Amino acid sequence: MKAGPEHPLVPAPLVPAPLAPPPLPGAGDALFLDFDGTLVEIAAHPDAVRVAPGLPALIESLRIRLEGRLAIVSGRSLASLDRALGPIAVAMAGSHGGEFREAGARAAIALAEPVPTAVVARLHAVAAALGGLLVEQKPFSAAIHYRDRPEAESAVLAAARELARAEGLALKHGKMVAELIMPGSDKGSAVARYMALPGFAGARPLFAGDDTTDEDAFAAVARLAGGGILVGPMRHTAARWRLDGVRETHAWLAAALGEEPR
Ligand SMILES: O=P(O)(O)OC[C@H]1O[C@H](O[C@H]2O[C@H](CO)[C@@H](O)[C@H](O)[C@H]2O)[C@H](O)[C@@H](O)[C@@H]1O
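Cut-off values and rules
- Along each chain, the written sequence defines residue order, and numbers are assigned to residues from 1.
- Predicted model: local features are reported for residues with pLDDT of at least 70 only, side-chain atom pairs are reported and counted for 80 or more only, and whole-chain, interface and lining totals are derived from all residues.
- Counting from the N terminus, the helices are DSSP H or I runs at least four residues long and the strands are E runs at least two residues long.
- A radius of gyration in this sense is built from C-alpha atoms; the matching globule rule multiplies 2.2 Å by the number of residues raised to 0.38.
- The exposure label follows from counting other C-beta atoms within 10 Å of a residue's C-beta, where the C-beta atoms are placed from the backbone and the thresholds are 20 or more for buried and 12 or fewer for exposed, leaving partly exposed in between.
- Any two residues are considered in contact once their C-beta atoms, placed from the backbone, lie within 7 Å.
- Geometry is summarised by axes, namely lines fitted to C-alpha atoms with helices restricted to the contacting stretch, and by angles between N-to-C directions that run from 0 to 180 degrees.
- Oblique is the label for any angle not under 35 degrees, not over 145, and not in the 65 to 115 range, which are roughly parallel, roughly antiparallel and roughly perpendicular in turn.
- Rotating anticlockwise by less than a right angle from the far helix to the near helix defines a left-handed crossing, while the corresponding clockwise rotation defines a right-handed one.
- Placing a C-beta atom from the backbone of each residue, we mark the residue near a molecule or strand if the atom is within 6 Å of it.
- Each residue gets one label: Ala, Val, Leu, Ile, Met, Phe, Trp, Tyr, Cys and Pro are nonpolar, Asp, Glu, Lys and Arg are charged, and the others, such as Gly, are polar.
- In this entry, domain limits derive from an automatic or database-based domain assignment.
- A pair of strands is treated as paired once DSSP finds two or more bridges between them.
- We define the nonpolar core as any set of buried residues of the types Ala, Val, Leu, Ile, Met, Phe, Trp, Tyr and Cys, connected via C-beta atoms lying within 7 Å of each other.

## Quick look at the overall build of the chain
Looking only at helices and strands, the chain has seven helices and twelve strands in total. Relative to its length of 262 residues, the chain is compact, with a C-alpha radius of gyration of 18 Å against a globular reference of 18 Å. Overall size of the chain, expressed as C-alpha extent along the three principal axes, is 55 × 50 × 30 Å. Scored against the burial criterion, the 262 residues of the chain give a buried share of 42%. Here the analysis covers contacts within the chain between residues at least 6 apart in sequence; of these, 55% occur between residues at least 24 apart.

Right under this line is the structure:
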């Protein structure tokens, strides 16, 4: 007997079924890419990621191949993505959908309210009390990182949950990070907003991402008759396909251009 939503009395399997590799993005597709863990390997510090030398050009070439239907959708701020990738004419949404920019546009549109300064101050106090954790303040979210002190995870999450509850904020738990966000925007809403633009409308959306914070986007592309691509080890996910890691993602992007990995 099958398990799943259509058989609610049967427990879901503990080990999710494996996912096939994704199709190559091509004519009629729109491509959305997460950044950390998808385009670059996770590093010890947000500023320590290494961008492969050929990556910005690869992304721009794909954007041209897809007639402009490509965007990076990240939890990072746009300023941080701009620093990492340099001046590329590619659409980008940052701060988990709080900042939205079309390709070539100078200014971003704000789709969220900034996190109140009192909340950021409280996060700094929590970070100091836990031995000096990194607080990353972004235009529309604030993150507390515990990669340096994994043993602080439960204390970080408890404090972040309490702040989120008291202030009416959304909480995202990513890779060794807890992020507080004003409710109303996430990666799924950013994808939906791109897909409503004339250049994207009607295309099949594909979203590649590694983290649980990408699940909103996986669900959004599924609603729009596309599919998510989980990057990394198998887990319970709304994604439809899977790639093993960053290297395999680069190879997949290069293959879409008919090239060897750069
Ligand atoms: O949505 P993404 O593009 O995947 O961004 C998610 C978060 O990425 C960054 O933090 C993560 O990557 C860091 C560098 O590898 C790592 O040190 C950290 O532990 C990870 O959580 C970024 O700093 C966050 O702002 C993003 O939300």
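Further notes follow.
## Details of the packing of helix α1 (residues 55–65) against helix α7 (residues 246–256)
Packed helices, taken two at a time, are described by the angle between their axes plus the distance between the axes. The contact between α1 and α7 brings their axes to 10 Å, and the two run at 40°. Classed by the angle they form, the pair α1 and α7 counts as oblique. The handedness of the crossing between α1 and α7 is left-handed. On α7, the residues touching Leu58, Leu62 and Arg65 of α1 are Leu253, Ala254 and Ala256.

## Observations regarding the site of the ligand
Near the ligand lie 24 residues; those nearest to it are Phe35, Asp36, Pro46, Ser74 and Gly75. Elements supplying a minimum of two residues to the shell around the ligand: β7 (141–145) and β9 (177–181). When grouped by side-chain class, the residues that make up the shell around the ligand number nine nonpolar, seven polar and eight charged. Counting only domains with at least three residues in the shell around the ligand, you end up with domain 1 (29–111 + 185–256) and domain 2 (117–181).

## With respect to the pairing of strand β8 (residues 170–174)
Pairing of β8 with β9 involves five bridges; the strand directions are antiparallel. Across the sheet, residue histidine 173 finds its bridge partner in β9, namely alanine 178. Counted along the chain from β8 to the antiparallel partner β9, the turn is two residues long, and its residue methionine 176 has a positive phi close to 60°.

## Focus on the sheet that holds strand β6 (residues 134–138)
What the four strands build is an open sheet, ordered β6-β7-β9-β8; its pairing is antiparallel. Across the chains shown, the open sheet's two edge strands, defined by having one partner strand only, are β6 and β8. Each neighbouring strand pair of the sheet contributes to a mean axis angle of 20°, computed without reference to strand direction. Relative to the sheet, helix α3 (residues 117–129) contacts β6, β7 and β9, its axis offset from that of β7 by approximately 0°.

## Comments concerning the nonpolar core
One finds Phe32, Ala71, Ile144, Val191 and Phe207 to be the most contacted residues of the largest nonpolar core, which totals 68 residues. Two domains share this core, each providing at least three of its residues, namely domain 1 (29–111 + 185–256) and domain 2 (117–181).

## Remarks on the environment of isoleucine 181
Residue position: isoleucine 181 is located in strand β9. By C-beta crowding, isoleucine 181 is classed as buried, having 26 other C-beta atoms within 10 Å. Sequence spacing of isoleucine 181 and valine 115 is 66 residues, and the spatial spacing of their C-alpha atoms is 6.4 Å. Beyond its immediate stretch of four places on either side in the chain, isoleucine 181 contacts His96, Gly98, Ala112, Phe140, Ser141, Leu169, Ala170 and Lys172.

## Digging into the domain arrangement of the chain
Domains assigned within the chain are domain 1 (29–111 + 185–256) and domain 2 (117–181). Once you take the C-alpha centre of each, domain 1 and domain 2 turn out to be 24 Å apart. Taken together, the contacts link 14 residues of domain 1 with twelve residues of domain 2. For the side of domain 1 that touches domain 2, the per-class residue count stands at four nonpolar, eight polar and two charged.

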